[in-house]
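The chain contents come next:
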Amino acid sequence: MTDTVNPGGDTLNPPLFNYATLAITGEVDRIRRGVQPAAWARAGSMLLKAPAVFTVGTGRSGLALQMAAMRLMHLGLSVHVVGEVTAPAIGPDDVLIAASGSGTTSRVVRAAETARKQGANVVSLTTAPDSPLAAVSTEVLVIPAADKQDFDGKASDQYAGSLFEQSVLLLTDALFHALWRSSGTQATELWRLHANLE
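Residues numbered from 1 in each chain as written. Predicted model: local features only at pLDDT ≥ 70, side-chain atom pairs only at ≥ 80, totals over all residues. Heavy atoms only, no water.

What follows concerns unusual backbone geometry. With a phi close to 70°, D93 is a non-glycine residue in the positive phi region. Classification of D93 by relative accessible area gives exposed; the value is 51%. (Buried < 20%, exposed > 50% of the residue type's maximum accessible area, 1.4 Å probe, protein only.)

Residues W40, L47, L72, I97, L125 and I143 are the most contacted members of the largest nonpolar core, which totals 32 residues. Elements with a minimum of two residues in this core: helix 1 (14–34), helix 2 (37–49), helix 3 (59–74), strand 2 (79–81), strand 3 (95–99), strand 4 (121–126) and helix 6 (162–183). Examining the composition of this core, we find that 6 residues originate from one element, helix 6, more than from any other. Among residues more than four places away in sequence, those in contact with L125 are W40, I97, A98, A99, S100, L141, I143, F164, V168 and T172. Residues A52, F54, I90 and L133 belong to the second largest nonpolar core, which totals 15 residues. (Core = buried A, V, L, I, M, F, W, Y, C linked by side-chain atoms within 4.5 Å. Helix = DSSP H or I, 4+ residues; strand = E, 2+ residues; numbered from the N terminus. Contact = heavy atoms within 4.5 Å.)

Let us now look at the environment of S100. Its location among the elements puts S100 in the loop between strand 3 and helix 4 (106–117). Residue S100 is classed as buried on the basis of its relative accessible area, which comes to 2%. Between the C-alpha atom of S100 and that of G59, which follows or precedes it by 41 residues, the distance is 9.7 Å. For S100, the contacting residues outside a window of four places in its chain are T105, V108, L125, T126, T127, L133 and F164.

Moving on to the sheet that holds strand 4. Reading across the sheet, the 5 strands line up as 2-1-3-4-5 and stay open at both edges, with parallel pairing between neighbours. A strand with exactly one partner marks an edge of an open sheet, and here the two such strands are strand 2 and strand 5 (139–142). Direction aside, the axes of adjacent strands within the sheet are offset by 20° on average. In the sheet, strand 1 (residues 53–56) pairs with strand 2 via 3 bridges, with the strands oriented parallel. Counted as the bridge partner of F54 is H80 from strand 2. Sheet strands touched by helix 2: strand 1, strand 3, strand 4 and strand 5. Its angle to strand 5, the strand with the most contacts, is close to 135°. (Pairing = 2+ DSSP bridges. Axes fitted to C-alpha atoms, helices over the stretch in contact; angles between N-to-C directions.)

On to the side chain of S156, then. Along the chain, the position of S156 falls in the loop between strand 5 and helix 6. Judged by relative accessible area, S156 falls into the buried class, the value being 2%. Side chain to side chain, S156 and E27 meet in a polar contact 2.7 Å long. In terms of polar contacts, S156 uses its side chain to reach the backbone amide nitrogen of Q158, at 3.0 Å. (Polar contact = N/O pair within 3.5 Å; in protein donor to acceptor, adjacent residues only side chain to side chain.)

Closest axis-to-axis distance for the helix 2/helix 6 pair is 10 Å, and the angle between their directions is 65°. The way helix 2 lies across helix 6 gives a crossing that is right-handed. Within the contact between the two elements, helix 2 uses W40, G44, L47 and L48 and helix 6 uses L171, T172, L175 and L179. Class assignment of the residues belonging to the contact of helix 2 with helix 6 gives a composition of 6 nonpolar, 2 polar and no charged. (Left-handed = near helix turned anticlockwise from the far one by under 90°. Nonpolar A, V, L, I, M, F, W, Y, C, P; charged D, E, K, R; others polar.)

Moving on: the pairing of strand 1. Of the two faces of strand 1, both are covered, the one formed by V53 and T55 as well as the one formed by F54 and V56. Following the backbone out of strand 1, through helix 3 and into the adjacent parallel strand 2, one traces a crossover that is right-handed. As defined by bridge partners, strand 1 adjoins strand 3 across 4 bridges and the pair is classed as parallel. Across the sheet, the residue bridging to T55 is I97, located in strand 3. (Right-handed = clockwise from strand over helix to strand, strands pointing away.)

As structure tokens, this is what we get:
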């Protein structure tokens with residue numbers, strides 16, 4: 001890769017872009033092979049039974065969960081993003097999907113603790129199965145990616161928590177896809193719920 005790097009230059013060599021795409025897709029595929037499908041299936045069943053589903057995350061993890069919330073809404077689930085002005089109170093048997101790579105993000109952990117106190121279930125997405133977030137979760141979906149402070153590049157060649165955030169998006173999309181296909185619902189029926197005030 002050294003012949004493709006131009007430190008301080010104002011151009012990007014095509015081979016470096018090619019290297020980057022292969023590095024990222026290779027890492028994502030490694031994550032795919034490292035997750036536990038049974039845990040994701042249990043989480044999916046929990047979502048289908050929930051009166052309401054909530055998502056919480058910060059930064060890019062939160063953005064990825066907002067996309068997941070939209071897809072779950074397309075399935076006909078009652079879905080809310082924590083912090084939005086229209087999000088109601090969480091209650092018994094609801095599900096909170098909480099994402100934090102480190103499992104220590106204070107806002108996310110507090111939301112999970114509150115959800116459990118209200119009788120709701122918590123599905124956490126994290127790299128850290130022994131974290132405070134995992135400890136208060138009903139189901140822990142471990143994503144074997146680097147957290148945002150993995151600066152030595154051993155767990156991922158990418159910057160900060162990029163691999164975790166990408167994995168949150170792709171794995172929740174895979175969960176949506178599996179739930180959709182198992183429902184037998186046609187794409188035209190999902191489209192009925194697609195936003196029309198854009």
